[in-house]
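Residues per chain, in single letters:
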Amino acid sequence: MTSSINNHSHFVLTLTFLLTSLTLYTSVMAWIIILVICAVTMRLALYFQLHKHAPSIRTLNLLALLSGIVLAYFSLQLGVLLGMLNLLVMASALKLMLLRNNRDYHQLVTTVGFLIGCGFIFQQGIVFSIIYLLLMVALILSLALHYSPSKSLLQTSKDISIMGLQALPIALLLFLVMPKFDPLWQMPAAKSTETGLSEKITPGDIAKLSQSSDLVFRASFTGDIPQPQERYWRAIVLEDFDGASWQISPQRMAINNQYRQYSEEFDASGEGRVFQYEVFAEPTHQNWLYAIDVAIPDGSYSNQRIWQNHDYQLISQAPLVSTFQYKVKSYPSANLNQSLYSLDKRINLQLPPKTGNPKTQAWVDNLRSQHPDDVDFAQKILEYFENQGFSYTLKPPLMQDEPVDQFLFEAKQGFCSHYASAMAYALRLGGIPARLVTGYQGGELRSDYLSIYQYDAHAWVEAWFDETGWQRIDPTAVVAPDRIQYGLQSAVEAENFLYNSPFSLARFNSVTWLNDLRLMLNSVDYAWTKWVLGFDQEQQKDLFKSFIGELTPRKVALFAFGVFALIFTLIALFYLPLWRKPKLDKSTSYYLKAQQILGKLGIYRADSKGPIDFSSQVARATDMSISAPFERLTKLYVIHMYRPDTPIELRKHHAMMAKELSKMKAAVKALGKVEVLEQS
Amino acid sequence: MQKKIGLAIDQISKLVIGKKRQIKLAMSCLLADGHLLIEDLPGMGKTTLSHALAAALGMDFSRIQFTSDLLPADMLGLNIFNNNTHSFEFHPGPIFSQMVLADEINRASPKTQSALLEAMEEKQVSLDGNTHTLPSPFFVIGTQNPTHQSGTYPLPESQLDRFLMRIQLGYPDWQAEKDMLMQDAEIQNSAFKTVITTDELIELQNLVTKVHASDAIVNYVLKLVTHSRESEAFPNPLSPRASKALLSAAKGWAFVEGRDFVIPEDIQAVLPSVAEHRMRASSSDLTGQASLSDKLLEAIDPLAA
């Protein structure tokens, strides 16, 4: 039985658990957080002696049953990953309420450690990494306090920090040399954790995305950096239109699954300008990747993990559950005229039921009859946007019935997706294959890398012309050229930019020092992403190369062996004094074992106590069944340690000691059973 | 033989009631061939204890009451010119007894004090070029009043060191004092009986030196004294003489306990009496502050290898 009264280790553990749960706030359900807070309050009340009685097991069992039922009810919505996480947090909260003996404590420490690990599924930024590191240290501090309760909090913290600093170089070395394997398991996908672009877009959705200043990815260029108007980061191609929203064509998905093995659709031989860059994508829990125009994976490692489908989308083999890093080459001047199969044509001419949006249909029929040439026709639609007083806004009016009609002829204001959607629809009506592409446009340049945020989300149109193949058409560029040239902020009025996140630093770009601060944090985060999170097999190889030259298997083996030998030597140096110590003789080890057994009963020998005194202390503190064998064992021990060396039968004595020891063990076990019976 | 020690202790405790521990300490001190210093307020039974001890052990006993005008010669004896033989004859002083009670030792002048302490150490008296050996066994029980009392010359550390042990009697508890008050004279008289003869005592003292102190025990003693030297908590660290004293006192105690080997508890039992007066400056008294010996004992694990 351990009591929480003034038990620092419980106190620290409780706070660690609370903070860990709070960092998981996005993933843990509110009622579980409340349960956590209740458990923490309860434990703190015990610690500060505001209250004396922990809840009984019966109460807790009932609570656990109820919580389990509620969680089971929600579990289908949550999916496997979040369900398990919620279960873990809930179980820990209940364990914190129980926390009666050593075993409970150890279970809770282990679980909280695991929870801290889980935190990295959701957060990998530098800030959260530091927070989790500190929480881990706090957890170890709690353990240390548990094992040496007499030491002061300050002293123990000092010890822990020293040990932490000692461990740091080893951790660093291991980080650099440990083989980076791809995970052996697949992270269960969690619907609600997906962020960023979605596979189905209703015009207006992107406007919501534009309210977020979260980072989407960074791209670090070697060589040319594209001009702002060239920064069209393709992500998802949407080919199915139902009159209101666009989504990935089901047929296309089927085809993609079928032809997955034929990766790399695009052949890049001699295609003019090339952008070469490396992308660090934030986790989205989706498979879409970003690249400028047509791009192919660069290097074998990126090639293994990325495939390209018929729409020139880059798709990762596994969902992006952590920062994902890949190298690509883009060919901005390449024609996208690889091939238009009849199937592609059919998909991209697909129209929603004829009844919808009649005004648009009539308008297109009229326009198309005047301009039979495809390019001319597309140009005329753009001119319509340009000349008919269209405006670009983040807060367009709601357009529910006949949305395209309403947009084109009544509201005349909208966000990029409105324009793109209307344009693609109009082109299809006019018999030109067209599709909606979503992705990001723009990015903030800093030295040699671009940072792309959610508010850079964009949608545009790709249309097929027989002469040039697939051609990008961006109607937004016509309506709001500033959006393309200078980014979203200059295209909309200041108060509209990020109006849902009033405290976002990005909102205060005009305040110089705040902007500097934001850019500095941005650089730090970039460095973290690039050098820590992005440290993968390839970078490791590069690092090895810089140390040992060209890689031959023998060198690699030698290097790895050398590093492990170094670590082993360090550890050996630490333990050497321990090994050099004379081995304990048998009677002492028996005596120590007996002490351990008594320790389980909470009877400890004060360091200064002699054996006989201790034996009589034991006799006072416990049952005869334990103290009597211990007394006999003590007598033998004393004879061995302090009596002159008369020819006593050593072996016989040891056997006797062993016997007394096992008697003690049996007695303790029996006593334990009795206690359990009494409790229940 | 060892049984007789038990008998002697029982007999003494009939007179000095409720002080069994101090009696045992005094006995160990005697068996270890060391001198004993009893420090306490007047009337606590210092003299009674020495009387009882002397009686039980059949030693001839003399008492020297120390005063500020006591001269060394009053204690050691002196050479007197014999007119008949025309030569100086030595007239031994009261110190030539097997057991000497040096009462209120800190009231005497430093000169007398050092004469006594020299005799204690050398077990002989040198006078005008002649050496006179003191009887054997020779055992001095010094008593002193707490030093803060007026009219005292505190013993210097170097001389306190000559006493193997310093003990305090302290007030008896309720029951012990009640027993003492209710006791009749008959018992008191019966208590003055010789239990151990002088020859037996010498033999016992020999046996005590043969009590076994194992390697582990010697290590424990060494760890204790080393700690007193290394830690800053102890103003006067323990000397090698102190470690020797500690071990021999512990042997005496082990013998009194009926064992022929020393265990850590023996060391712990005698350490406060053996070490406290050596570690603490003589001018400070035992009351107040936490005991240094307890601090020392707490710092060392006797079982650690």
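Residues numbered from 1 in each chain as written. Chains lettered and ligands numbered in written order. Predicted model: local features only at pLDDT ≥ 70, side-chain atom pairs only at ≥ 80, totals over all residues. Heavy atoms only, no water.

### Observations regarding the overall build of chain B
For chain B, the helix and strand inventory stands at 13 helices and 9 strands. The buried share of chain B, reckoned over its 305 residues, is 53%. For chain B, contacts bridging at least 24 residues in sequence account for 78% of all contacts bridging at least 6. Accessible surface for chain B amounts to roughly 13700 Å². Of this, 52% is attributable to carbon and sulfur atoms. (Helix = DSSP H or I, 4+ residues; strand = E, 2+ residues; numbered from the N terminus. Buried < 20%, exposed > 50% of the residue type's maximum accessible area, 1.4 Å probe, protein only. Contact = heavy atoms within 4.5 Å. Areas by Shrake-Rupley, 256 points an atom, 1.4 Å probe, with all protein chains shown as cover.)

### Overview of the overall build of chain A
Assigned secondary structure in chain A consists of 24 helices and 18 strands. Buried residues in chain A amount to 46% of all 680 residues. Across chain A, every contact between residues at least 6 apart in sequence was considered, and the portion connecting residues at least 24 apart equals 73%. If you sum the accessible surface of chain A, you get close to 34600 Å²; carbon and sulfur atoms cover 61% of it.

### Some words on the sheet that holds strand β7 (residues 291-292) of chain A
Residues and elements named next belong to chain A. Read from one edge of the open sheet, 5 strands run β7-β3-β14-β17-β18, paired in antiparallel fashion. Strand pairing shows two members of the sheet lacking a second neighbour, β7 and β18 (469-473), which therefore form its edges. In the sheet, strand β17 (residues 457-465) pairs with β18 via 5 bridges, with the strands oriented antiparallel. Each residue of the ladder has a partner; that of Val461, found in β18, is Ile473. Packed on one face of the sheet, helix α14 (residues 416-429) meets β14 (434-441), β17 and β18 and runs near 15° to β17. (Pairing = 2+ DSSP bridges. Axes fitted to C-alpha atoms, helices over the stretch in contact; angles between N-to-C directions.)

### Here we look at the pattern of salt bridges
Residue and element names in this part refer to chain B. Applying the stated criterion across every chain, the model contains 22 salt bridges over all chains. Between Lys123 and Asp33 there is a salt bridge, with its nearest N and O atoms 2.9 Å apart. On the criterion of sequence distance, the pair formed by Lys123 in the loop between α5 (110-122) and β6 (124-127) and Asp33 in the loop between α2 (20-31) and β1 (35-39) is long-range, its members being 90 residues apart. For Lys123, a relative accessible area of 25% gives the class partly exposed. (Salt bridge = Lys/Arg side-chain N within 4 Å of Asp/Glu carboxyl O.)

### Here we look at the confidence of the model for chain B
Residues and elements named next belong to chain B. Considering every residue of chain B, the mean pLDDT works out to 85; 93% of them sit at 70 or more. Looking over chain B, one finds the lowest element-wise mean pLDDT in helix α8 (residues 185-190), namely 66, and the highest in helix α11 (residues 240-256), namely 93. Here the predicted complex carries an ipTM of 0.81, next to a pTM of 0.50. (pLDDT = per-residue confidence, 0-100.)

### What about the sheet that holds β1(B)?
All names here are of chain B. Reading across the sheet, the 5 strands line up as β2-β5-β8-β1-β9 and stay open at both edges, with parallel pairing between neighbours. Of all strands in the sheet, those bounded by a partner on one side alone are β2 (61-65) and β9 (163-167). Strand after strand, the sheet turns through a mean of 20° between neighbouring axes, direction not considered. Relative to strand β5 (residues 99-103), β2 runs parallel, the two being bridged by 5 bridges. The residue of β5 that forms the bridge with Ile64 is Ala102.

### Notes on the packing of helix α12 (residues 264-279) of chain B against helix α13 (residues 292-299) of chain B
Residues and elements named next belong to chain B. It is at 8 Å that the axes of α12 and α13 come closest, and there the two elements cross at 125°. With respect to their mutual orientation, α12 and α13 come out oblique. As α12 runs across α13, the sense of the crossing is right-handed. Across the interface between the two elements, Gln268, Leu271, Pro272, Glu276 and Met279 from α12 touch Leu292, Ser293, Leu296 and Leu297 from α13. Residue classes in the contact of α12 with α13 are distributed as 6 nonpolar, 2 polar and 1 charged. (Parallel < 35°, antiparallel > 145°, perpendicular 65-115°, else oblique. Left-handed = near helix turned anticlockwise from the far one by under 90°. Nonpolar A, V, L, I, M, F, W, Y, C, P; charged D, E, K, R; others polar.)

### Points about helix α10 (residues 342-349) of chain A
All names here are of chain A. Among all positions in α10, only Asp344, Ile347 and Asn348 are buried. Viewed end-on, α10 has its buried residues packed into an arc of 90°, placing them on one side of the element. Residues of α10 that are exposed and angled more than 90 degrees away from the buried face: Ser342 and Arg346. On the buried face of α10, the contacting elements are α8 (250-258), α14, β14 and β18. (Arc of directions from axis to C-beta.)

### A closer look at the interface of chain B and chain A
Taken together, the contact pairs 18 residues of chain B with 17 residues of chain A. Taken together, both faces of the contact between chain B and chain A bury some 1400 Å²; the carbon and sulfur share is 64%. Counting the surface chain B buries against chain A, the share from its top three residues, Phe261(B), Glu265(B) and Leu303(B), is 41%. Taken together, chain B and chain A are joined by 1 salt bridge. Breaking the side of chain B that touches chain A down by element, the ones donating at least two residues are α10 (215-230), α12 and α13 of chain B. It is α12(B) that provides the largest number of residues to the side of chain B that touches chain A, a total of 3 residues. Split by residue class, the side of chain B that touches chain A holds 11 nonpolar, 3 polar and 4 charged. (Buried area = accessible area lost by both parts, 1.4 Å probe.)

### Remarks on a positive patch on the surface
Residues and elements named next belong to chain A. Together, Lys586, Lys593, Lys600, Arg651, Lys665 and Lys669 make up a positively charged patch on the protein surface. Looking at the positive patch, the elements with two or more residues in it are α21 (586-600) and α24 (650-679). Its relative accessible area of 47% is what places Lys665 among the partly exposed residues. (Patch = residues over 30% accessible without salt bridge, like charges linked within 9 Å, V, L, I, M, F, W, Y side chains within 5 Å. Lys, Arg positive; Asp, Glu negative; His and termini not counted. Charge placed at Lys NZ, Arg CZ, Asp CG, Glu CD.)

### Digging into a nonpolar patch on the surface
On the surface, Leu566(A), Leu570(A), Ile571(A), Leu573(A), Phe574(A), Tyr575(A) and Leu576(A) cluster together into a nonpolar patch covering about 680 Å² of accessible area. Its place among the elements puts Leu576(A) in helix α20 (residues 553-580).

### Observations regarding the pairing of strand β3 (residues 232-238) of chain A
All names here are of chain A. Among the 7 residues in β3, 7 count as buried, and that is most of the element. Relative to β14, β3 runs antiparallel, the two sharing 6 bridges. Within β14, the residue paired with Tyr232 across the bridge is Gln441. Where β3 meets β7, 2 bridges bridge the pair, whose relative direction is antiparallel. When the sheet's bridge partners are listed, Arg234 is paired in β7 with Ala291.

### Some remarks on the packing of aromatic side chains
Residue and element names in this part refer to chain A. The full count for this structure, using the stated rule, is 36 aromatic pairs over all chains. Consider the rings of Tyr73 and Phe74, whose centres lie 5.4 Å apart with planes at 75°: the pair is edge-to-face. You can call Phe74 partly exposed: its relative accessible area is 24%. An angle of 40° between the planes, with centres 4.9 Å apart, marks the rings of Phe221 and Tyr277 as tilted. Remark: Tyr277 occurs in strand β6 (residues 275-281) and Phe221 occurs in strand β2 (residues 215-222); sequence separation between them is 56 residues. Relative accessible area serves as the criterion here: at 4%, Phe221 is assigned to the buried category. (Phe/Tyr/Trp six-rings, centres within 6.5 Å; stacked < 30°, edge-to-face > 60°.)

### Details of the pairing of β1(B)
Residue and element names in this part refer to chain B. The element β1 is largely enclosed, with a buried count of 5 among its 5 residues. Side chains of β1 alternate between two faces, with His35, Leu37 and Glu39 and Leu36 and Ile38 buried alike. Note that β1 and β9 share 4 bridges and pair parallel. Counted as the bridge partner of Leu37 is Arg166 from β9.

### Quick word on α13(B)
Each α-helix turn comprises 3.6 residues. Residues three or four places apart therefore point the same way. Buried residues of α13(B): Leu292(B), Ser293(B), Leu296(B) and Leu297(B), and no others. All buried residues of α13(B) project into a common sector of 135° when viewed along the axis, lining one side.

### Quick notes on the side chain of Gln361(A)
All names here are of chain A. Inspection of the secondary structure assignment puts Gln361 in helix α11 (residues 358-370). Residue Gln361 is classed as buried on the basis of its relative accessible area, which comes to 14%. Beyond its immediate sequence surroundings of up to four residues, Gln361 is in contact with Pro353, Lys354, Gly356, Tyr425 and Leu429.

### A short note on unusual backbone geometry
Put simply, Ser136(B) and Pro137(B) share a cis peptide bond, and its omega is -10°. Mapping Pro137(B) onto the fold places it in the loop between β7 (130-133) and β8 (139-144). Phi is positive for Leu99(A), which is not a glycine, with a value near 30°. Among the structural elements, Leu99(A) can be located in the loop between α3 (57-98) and α4 (102-122). A positive phi angle, near 55°, is found at His86(B), a position not held by glycine. Inspection of the secondary structure assignment puts His86(B) in the loop between β3 (77-82) and β4 (87-92).

### Structural notes on the packing of helix α12 (residues 374-387) of chain A against α14(A)
Between two packed helices, the angle of one axis relative to the other and the distance separating the axes together describe the packing. Residues and elements named next belong to chain A. Where α12 meets α14, the closest approach of the two axes is 11 Å, and the angle between their N-to-C directions is 145°. Viewed along their axes, α12 and α14 form a crossing whose handedness is right-handed. Together, Phe377, Ala378, Ile381, Leu382 and Phe385 of α12 and Tyr419, Ala422, Met423, Ala426 and Leu427 of α14 make up the contact between the two elements. In terms of residue class, the contact of α12 with α14 is made up of 10 nonpolar, no polar and no charged.

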